[in-house]
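Remarks on the overall topology
Residue strings, one per chain:
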Amino acid sequence: MPLNRRAFLHAAGLSATAAALTGCGGAHTTSPPRASGSAGAAHKLIGFPGLARKLSGPLVTPDKPGYHLARRSFNPLFDNRTPAAIAQCRRIEDVQACVAAAAAAGAPIAARSGGHSYAGYSTPDGALVADLSGLSSVLVNADGTAVIGAGARLIDIYTALGGAGRCLPAGTCPSVGIAGLTLGGGVGVVSRKYGLTCDRLVSATVVTADGTSRTVSASADPDLFWALRGGGGGNFGIVTSLTFDTVPAPQLTVFLLGFPAGAVPDVLGGWQDWIISMPDELSANCHIIGGSPPSCTVIGCYIGSARGLNPLLSGLIGRIGSQPTLRTVAEHGYLDGMRYFAGCSAKSAAECHDQASGRHWNREAFVASSRVLTAPVADPAQISSVFDGRTVFVIIDGLGGAISRVTSADTAFPHRGALALMQIYLRTSPADRAAAASSVVQMRDQLTGVVGGGAYVNYIDHTLPNWAHAYYGDNLTRLRQAAQRYDPDRLFTFPQAIANS
Ligand SMILES: Cc1cc2nc3c(=O)[nH]c(=O)nc-3n(C[C@H](O)[C@H](O)[C@H](O)COP(=O)(O)OP(=O)(O)OC[C@H]3O[C@@H](n4cnc5c(N)ncnc54)[C@H](O)[C@@H]3O)c2cc1C
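Residues numbered from 1 in each chain as written. Predicted model: local features only at pLDDT ≥ 70, side-chain atom pairs only at ≥ 80, totals over all residues.

When helices and strands are tallied, the protein shows 17 helices and 20 strands. With the C-alpha coordinates of the protein rotated into their principal frame, the extents come out at 70 × 50 × 45 Å. Looking at the protein as a whole, 57% of its 501 residues qualify as buried. The contacts in the protein between residues at least 6 apart in sequence include a share of 73% that link residues at least 24 apart. (Helix = DSSP H or I, 4+ residues; strand = E, 2+ residues; numbered from the N terminus. Buried ≥ 20, exposed ≤ 12 C-beta atoms within 10 Å, placed from the backbone. Contact = placed C-beta atoms within 7 Å.)

Next up, the structure:
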């Protein structure tokens, strides 16, 4: 029977968090946001003389009618950001022209691929934004490598790769950009088998602060190649394309187990001991929905058949000690499985593409933070109690498997030995933003006492104390050296840039 995501979410009483279950937006925004005043008025207007003539796409400045649409990020909380201009890049030369123009003007510059930065770092006030959505081709080579433009969105990549019978481990949300995801690591539902997205990177083409376009790899600029695999977006240059080593597309069996309110300590306790003993083919995330008391689900996928998966799920249920109130298991081809996680099962490819990057971009206002679960916790009730009485959605992504067989020093992503990444995600609105942000900070800080101070740079949190160590651990020194070498004048800067650490 085909898995009907909406139906089971509804049955599980989870419809309010349906979008967040796949980590994707739910709100449609088709009309331009209202500006808080004259766009750009709060910041000194910076000009980029001659840049418009050098670009193959438009340079959208605040006086242009398309400005309000062009500056939008995934998160509507940043709709009032006022970049000096958005350069819609279609070629490497456009990116080089942007880098030169920003350097000449002494202006900040930021790359934007999918526009999902949690802190809005790809749409800074007063900056030149190099928008890479025009560089979004996906080319699958006969040897199984795929050359992907930096502005490609995940759903379009899955469509192209799936059509060619290939797979790249990457995130679930259809509109996330491949560049931001890869540069920070990239965790997905087949990562325990095939690694982080950055682990499949073979080479990347990047325009550095001196305007040079370099193709970096293990043998060319290896220190920059190392830094691009987990060192975080925006730090070392603007990536224009990425070449990945893909794998043959596997068959997937997806599942969801729903447990009643109050079961979180038992489920978390059972899950954390179970996941570390599971084969790489199995991924399972634990989702906690705040409340009084909180409830939770375990959702994931298995590379293989339902027959292979079911005994593994029985093992989990045995550890938890009580039966789930909801259990769904369904076999899918790879592309169908990824479309399911993207919330696209009931949509045509064109509809899903349009909602991931087009006129009907499915956006969502949220605040979020993260913590890293380095090892199983002694008392899972301590975690559950943090979310007691809270409105929040918590996604605990189990790591291990292939992710942990790369050492922390092999790439810039440091959390190789960790059990899981824990994301605290709260949907909100502009009016409730301050209260939501304060609630997230409280939950994050309470968790620090239970699980420690690590954090995932792709869930970047502009309020995080000691952020550089939290994101990069022992890799920070080498990352600072790479930033100093490739961007000595700090052209690529933002509040949590490595150069500012
Ligand atoms: C709804 C949602 C679901 C998510 N799901 C997952 C998931 O399943 N797994 C996971 O690991 N993460 C996930 N993330 C986190 C995501 O990986 C990060 O937010 C990532 O930074 C987004 O990349 P982007 O290109 O979309 O964002 P952007 O905002 O465009 O970029 C993010 C940062 O990278 C920089 N950057 C962007 N493009 C480039 C480039 N070409 N060269 C250099 N720097 C660049 C930007 O300046 C910015 O600082 C999710 C995020 C959201 C909002």
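Here the narrative resumes, following the displayed structure.
Let us look at the domain arrangement of the protein. Domain annotation for the protein reports domain 1 (5-25 + 252-337 + 346-467), domain 2 (30-71 + 73-131) and domain 3 (138-248 + 474-500). Contact residues are listed per partner, giving 14 residues for domain 1 and nine residues for domain 2. Here the side of domain 1 that touches domain 2 is built from residues that sort into six nonpolar, three polar and five charged. (Domains from an automatic or database assignment. Nonpolar A, V, L, I, M, F, W, Y, C, P; charged D, E, K, R; others polar.)

Along the polypeptide, Leu256 turns up in strand S13 (residues 252-259). Residues Leu256 and Ile299 lie 43 residues apart in sequence; the distance between their C-alpha atoms is 4.3 Å.

Close to the ligand lie 36 residues, the nearest being Gly114, Gly171, Gly177, Gly180 and Gly233. Broken down by secondary-structure element, the contributors of at least two residues to the shell around the ligand are strand S4 (109-112), helix H7 (178-184) and strand S11 (238-245). Looking at which element gives the most residues to the shell around the ligand, the answer is H7, with five residues. Tallied by class, residues from the shell around the ligand come to 16 nonpolar, 19 polar and one charged. (Near = placed C-beta within 6 Å.)

Relative to each other, helix H6 (residues 154-163) and helix H13 (residues 349-357) sit at 150°, their axes nearing to 9 Å. In terms of orientation, H6 lies roughly antiparallel with respect to H13. Contacts between H6 and H13 pair Ile155, Asp156 and Thr159 from the former with Ala349, Cys352, His353 and Ala356 from the latter. Partitioning the contact of H6 with H13 into residue classes produces four nonpolar, two polar and one charged. (Axes fitted to C-alpha atoms, helices over the stretch in contact; angles between N-to-C directions. Parallel < 35°, antiparallel > 145°, perpendicular 65-115°, else oblique.)

Let us now look at the sheet that holds strand S6 (residues 138-140). The strands making up a sheet associate through hydrogen bonds between their backbones, and the pairing can be parallel or antiparallel. On the basis of which strands lie adjacent, the open sheet formed by five strands has the order S6-S7-S11-S9-S10 and antiparallel pairing. With one partner strand each, in any of the chains shown, S6 and strand S10 (213-217) form the two edges of the open sheet. Mean inter-strand twist for the sheet, computed between neighbouring axes without regard to direction, equals 15°. Relative to S11, strand S7 (residues 145-149) runs antiparallel, the two sharing five bridges. Following the sheet pairing, Thr145 is matched in S11 by Asp245. Relative to strand S9 (residues 201-207), helix H5 (residues 92-105) is tilted by about 50°, and along the sheet it contacts S9, S10 and S11. (Pairing = 2+ DSSP bridges.)

Let's shift gears to the nonpolar core. Across soluble globular proteins, you tend to see nonpolar side chains buried next to one another. Among the nonpolar cores identified, the biggest contains 158 residues, and Ala87, Cys98, Ile109, Leu128, Ala130, Leu228 and Val267 are the most heavily contacted of them. Setting aside residues up to four positions removed in sequence, Ala130 forms contacts with Ala87, Cys89, Val95, Cys98, Ile109, Ala111, Arg112 and Ile238. (Core = buried A, V, L, I, M, F, W, Y, C linked by C-beta atoms within 7 Å.)

Strand order in the open sheet made by the four strands is S2-S3-S5-S4, with mixed pairing throughout. At either end of the open sheet lies a strand with only one pairing partner, and these are strand S2 (59-60) and S4. Inspection of the sheet shows S2 paired to strand S3 (residues 85-88) by two bridges, in the antiparallel sense. Bridge pairing links Val60 to Ile86 in S3. H5 contacts S3, S4 and strand S5 (128-131) of the sheet and is inclined by roughly 170° relative to S5.

The next point concerns helix H15 (residues 433-451). The first and last C-alpha atoms of H15 sit 26 Å apart over 19 residues, in line with the 27 Å expected at 1.5 Å per residue. At the exit of H15 stands Gly452, carrying a positive phi of roughly 105°. (Expected span 1.5 Å × (residues − 1).)

Summarising the element assignment, Tyr194 is placed in helix H8 (residues 191-194). Taking the C-alpha atoms as reference points, Tyr194 and Val95, 99 residues apart in sequence, are found 32 Å from one another. With near-sequence residues (within four places) excluded, Tyr194 lies in contact with Pro169, Arg200, Val247 and Ala402.

With nine of nine residues buried, strand S15 (residues 295-303) lies mostly within the body of the structure. Judged by which residues are buried, S15 turns out to be covered on both faces: Ser295, Thr297, Ile299, Cys301 and Ile303 on one side and Cys296, Val298, Gly300 and Tyr302 on the other are all buried. Where S13 meets S15, eight bridges bridge the pair, whose relative direction is antiparallel. Bridging across to S15, Leu257 finds its partner in Val298.

What follows is about unusual backbone geometry. The amide bond that connects Ser292 to the next residue, Pro293, takes the cis arrangement and shows omega of -5°. Within the secondary structure layout, Pro293 lies in the loop between strand S14 (282-289) and S15. If you check the backbone angles, Asn466 has positive phi at about 55° while not being a glycine. Within the element layout of this structure, Asn466 appears in the loop between H15 and helix H16 (467-472). You will see that Arg490, though not glycine, has its phi angle at about 55°, which is positive. Secondary-structure assignment places Arg490 in the segment after helix H17 (476-486). Judged by the 13 C-beta atoms lying within 10 Å of it, Arg490 is partly exposed.

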